[in-house]
Amino acid sequence: LRDFLLVYNRMTELCFRRCVCNLNYRLLTGREESCLDSCASKLVHSNHRLMRSYMALMPGILQRRVADSASQDPALPAALPDPPVAPS
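Here is what the cut-offs are and how they apply
- Residues numbered from 1 in each chain as written.
- Predicted model: local features only at pLDDT ≥ 70, side-chain atom pairs only at ≥ 80, totals over all residues.
- Heavy atoms only, no water.
- UniProt positions renumbered as here; feature names shortened; annotations may be inferred.
- Helix = DSSP H or I, 4+ residues; strand = E, 2+ residues; numbered from the N terminus.
- Buried < 20%, exposed > 50% of the residue type's maximum accessible area, 1.4 Å probe, protein only.
- Lys, Arg positive; Asp, Glu negative; His and termini not counted.
- Salt bridge = Lys/Arg side-chain N within 4 Å of Asp/Glu carboxyl O.
- Polar contact = N/O pair within 3.5 Å; in protein donor to acceptor, adjacent residues only side chain to side chain.
- Contact = heavy atoms within 4.5 Å.
- Core = buried A, V, L, I, M, F, W, Y, C linked by side-chain atoms within 4.5 Å.

An unreviewed UniProt entry annotates the protein as Mitochondrial import inner membrane translocase subunit originating from Probosciger aterrimus. Among the UniProt annotations of the protein, the heading Subcellular location (unreviewed entry) holds the following wording: "Mitochondrion inner membrane". Comment text from UniProt for the protein, heading Sequence similarities (unreviewed entry), reads "Belongs to the small Tim family."

Dropping the structure here:
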């Protein structure tokens, strides 16, 4: 939850600084609103792509760590149980 909030706050600040240029009005202009939608959409899609890559790479990284640990200390188990599958 903390990581999600950090990403959300960074995205909000980045898009606001990039898109909102006039603070004299209470409401966003059409151009600002369109820019914010586009900016947020790009960041959300890139975050989803990064998370998919992370989820694909993580099991291999964990297996290598376990193998390295097992080679250093034979008393440890040789493998971890399969990681939980993220919902689609």
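What follows picks up the thread again.
Asks: Go over the side chain of Glu32, please, and point to the residues and values.
Replies: Considering the arrangement of structural elements, one finds Glu32 in helix α2 (residues 30–72). Of the side chains bearing the opposite charge, Arg31 lies closest to the buried Glu32, which forms no salt bridge; the N-O distance is 8.4 Å. A distance of 3.4 Å separates the side chain of Glu32 from the backbone nitrogen of Cys21, its partner in a polar contact. Filtering out sequence-adjacent residues up to four positions away, Glu32 remains in contact with Cys19, Val20, Cys21 and Asn22.

Asks: Quick rundown of the nonpolar core? Include the residues and the values.
Replies: One finds Met11, Cys15, Cys19, Val20, Leu36 and Cys39 forming the largest nonpolar core, which totals six residues. Secondary structure elements with two or more residues in this core: α1 (2–19) and α2. Among the elements that take part in this core, α1 stands out by supplying three residues, more than any other. Setting aside its immediate chain neighbours within four residues, Cys19 contacts Glu32, Cys35, Leu36 and Cys39.

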